[in-house]
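# Results of the structural survey
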Amino acid sequence: MATSLPRPLHALHSSELTTAAKDRRWPKWQTMALLHSLGLPVLNACAIEPGHGAAEVRTAARVLAAAVGTQTLMIRSDGGVEKKQYYRGGNTFPVEEIPSRAAALLADGRAVILAEPTNRFTNRLTVLVRMDRPGRGQRGSLTLEALGPGYDVADLTRGQIPPQVTAHLDDVDFDRFQAPRWNEWKITGDLCPGGEDARRQRRLQRLATQTLTDGGHLHGDVGAAHAEAWLREQGFLHLFGPQPTRELLARRTQRLFEDAFFLARSQPNQNWRCLATAFSVFDEPRTIYWDLVDGERKYAATAPAAARREERAA
């Protein structure tokens, strides 16, 4: 039985953020609260747990939409420890459609996260930040995988699209801050012939069959050509322009290192082996972090060693 109306993340008091950041039932919401409490940029959002009805969802959506000054909201879902198949969120819908779209997720026992909308077609830079170490107190590594204009976080996390540029740092002490020197970074680019064309086609195919069909922009049997035509009609040309990803990433490696160290030190599970977060630079420009994932706690019914293998494979 729902006891209180969900409230926007940016309206929560410090004690409420602390409570949410310790609640492992909903890992996405938990880490959004943690990130916000640490002063790192995140989308304003609210979490609606199972047990809330359509009227409460409608009210929560209207409150959040009014707070951020929009008529549309993004829908994500949070199901505790993840299974391999779950709702691929991140799409944006009119506020009046939110209750009907949230109903099935809530009925399935998943929480619904409503967030301020973003334009996933015009991102300038997307980075997957990964921290690895053998064990607590041991040195590890930091890896940044990046995609440039027109791509988004889902391309790296579940789209099987290889990064354009990778920056790697070895011998990282996550217990004592020491800024790396430039020559310690190993920055490599994807030099595979035809790699960018293949990457773009895979991105377009994903947009056609998932994002644009779910959002009602495309219908029926569609493919990459349909997605490209839609993007060009809307004036979203970022994917088809220059991809200065190496330069964009190089300018942000220091900040990303500092934030990664801060997150590692603030992580509730100090026995972590693999942590990952995603970072986006929007077209506005504006930067945000999405979630903080602990590799050993991501998948359901998975032993820790197997979970680490799953995380590496992903």
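See above for the structure.
Now for a description of the structure that goes with this document. Note that the structure is predicted; figures quoted are calculated from it, not measured. (Residues numbered from 1 in each chain as written. Predicted model: local features only at pLDDT ≥ 70, side-chain atom pairs only at ≥ 80, totals over all residues. Heavy atoms only, no water.)

### Regarding the environment of Glu 258
Rules: Counting from the N terminus, the helices are DSSP H or I runs at least four residues long and the strands are E runs at least two residues long. To sort residues, take the accessible area from a 1.4 Å probe on protein chains only and compare it with the maximum for the residue type: under 20% means buried, over 50% means exposed, and anything in between is partly exposed.
Along the chain, Glu 258 falls in helix H9 (residues 253-266). The class of Glu 258 is partly exposed, set by a relative accessible area of 36%. Sequence separation of Glu 258 and Ala 179 is 79 residues, and the distance between their C-alpha atoms is 7.7 Å.

### A short note on the side chain of Gln 267
Note the following rule: Contact definition: two residues touch when any of their heavy atoms are within 4.5 Å.
Examined against the element boundaries, Gln 267 turns out to sit in the loop between H9 and strand E9 (274-281). Assessed through its relative accessible area of 9%, Gln 267 is described here as buried. Look past the residues within four positions of Gln 267 in its chain and what remains in contact with it is Trp 272, Leu 275, Leu 292 and Asp 294.

### Description of the pairing of strand E4 (residues 111-115)
For clarity, the cut-off: For two strands to pair, DSSP has to find at least two bridges joining them.
Among the 5 residues of E4, 5 are classified as buried, and the element is accordingly described as predominantly covered. Residues Ala 111, Ile 113 and Ala 115 line one face of E4 and the alternating positions Val 112 and Leu 114 line the opposite face, and both faces are buried. Relative to E4, strand E1 (residues 45-48) runs antiparallel, the two sharing 4 bridges. Each residue of the ladder has a partner; that of Ile 48, found in E4, is Val 112. By the bridge criterion, 5 bridges tie strand E2 (residues 72-78) to E4 in an arrangement that is antiparallel.

### As for the packing of helix H6 (residues 195-214) against helix H7 (residues 224-234)
Counted only if it meets this: Only C-alpha atoms enter the line fits that serve as axes; for helices the fit covers just the stretch in contact. Angles between N-to-C directions range over 0 to 180 degrees. With respect to orientation, any angle under 35 degrees is reported as roughly parallel, any angle over 145 as roughly antiparallel, any angle of 65 to 115 as roughly perpendicular, and every other angle as oblique. Residues are sorted three ways: Asp, Glu, Lys and Arg are charged, Ala, Val, Leu, Ile, Met, Phe, Trp, Tyr, Cys and Pro are nonpolar, and all the rest, Gly among them, are polar.
Orientation of H6 relative to H7, taken along the N-to-C sense of each, is 85°, at an axis distance of 7 Å. The angle between the axes of H6 and H7 places the two elements in the roughly perpendicular class. Contact residues: Gln 201, Leu 204, Gln 205, Leu 207, Ala 208 and Leu 212 in H6; Ala 224, Ala 227, Glu 228, Trp 230 and Leu 231 in H7. When grouped by side-chain class, the residues that make up the contact of H6 with H7 number 8 nonpolar, 2 polar and 1 charged.

### With respect to the side chain of Thr 245
Defined as follows: Identification of polar contacts relies on pairs of N or O atoms within 3.5 Å, with a donor-acceptor requirement for protein atoms, meaning one able to donate a hydrogen and the other able to accept it, and with residues adjacent in sequence counted only if both atoms are side-chain atoms.
Its place among the elements puts Thr 245 in helix H8 (residues 245-250). A polar contact of 2.5 Å, which involves the side chain of Thr 245, links it to the side chain of Gln 164. Apart from the residues lying within four places of it in its own chain, the contact partners of Thr 245 are Leu 125, Ala 146, Leu 147, Gly 148, Gln 164 and Val 165.

### Here's the deal with the nonpolar core
For the record, the criterion: The set of buried Ala, Val, Leu, Ile, Met, Phe, Trp, Tyr and Cys residues whose side-chain atoms join them within 4.5 Å is what this entry labels a nonpolar core.
One finds Trp 29, Val 127, Met 131, Leu 142 and Leu 144 to be the most contacted residues of the largest nonpolar core, which totals 69 residues. Each residue touching Val 127, except ones within four places of it in the same chain, is listed here: Leu 144, Glu 145, Ala 146, Leu 156, Leu 249, Leu 256, Thr 277, Ala 278 and Phe 279. If you look at the next biggest cluster of nonpolar residues, it comprises 17 residues, including Cys 46, Ile 48, Ala 61 and Leu 64.

### Topic: the sheet that holds E1
Taken in spatial order, the 4 strands make up an open sheet running E1-E4-E2-E3, and their pairing is antiparallel. Strands with a single pairing partner mark the edges of an open sheet, and in this sheet they are E1 and strand E3 (91-94). When the angles between neighbouring strand axes are averaged without regard to direction, this sheet yields 35°. The sheet contacts of helix H4 (residues 98-107) involve E1, E2, E3 and E4, and relative to E2 the element is tilted by about 0°.

### A few points about H6
Filter applied, for reference: By this rule, a helix spans an expected 1.5 Å times one less than how many residues it contains. One fitted axis covers the seven residues ending at a residue, a second covers the seven starting there, and the bend at that residue is the angle between these axes.
Between its first and last C-alpha, H6 extends 28 Å over 20 residues, near the 28 Å set by a 1.5 Å rise per residue. At Leu 207, H6 shows its maximal bend, which comes to roughly 45°. What H6 keeps buried is the set Gly 195, Arg 199, Arg 200, Arg 203, Leu 204, Arg 206, Leu 207, Ala 208, Thr 211 and Leu 212. Tucked into the core, H6 has its buried residues touching E3, strand E6 (140-147), helix H5 (153-157) and H7. Directly beyond the C-terminal end of H6, a positive phi value near 80° is found at Gly 216.

Function cannot be inferred from these measures alone, as they are strictly geometric.
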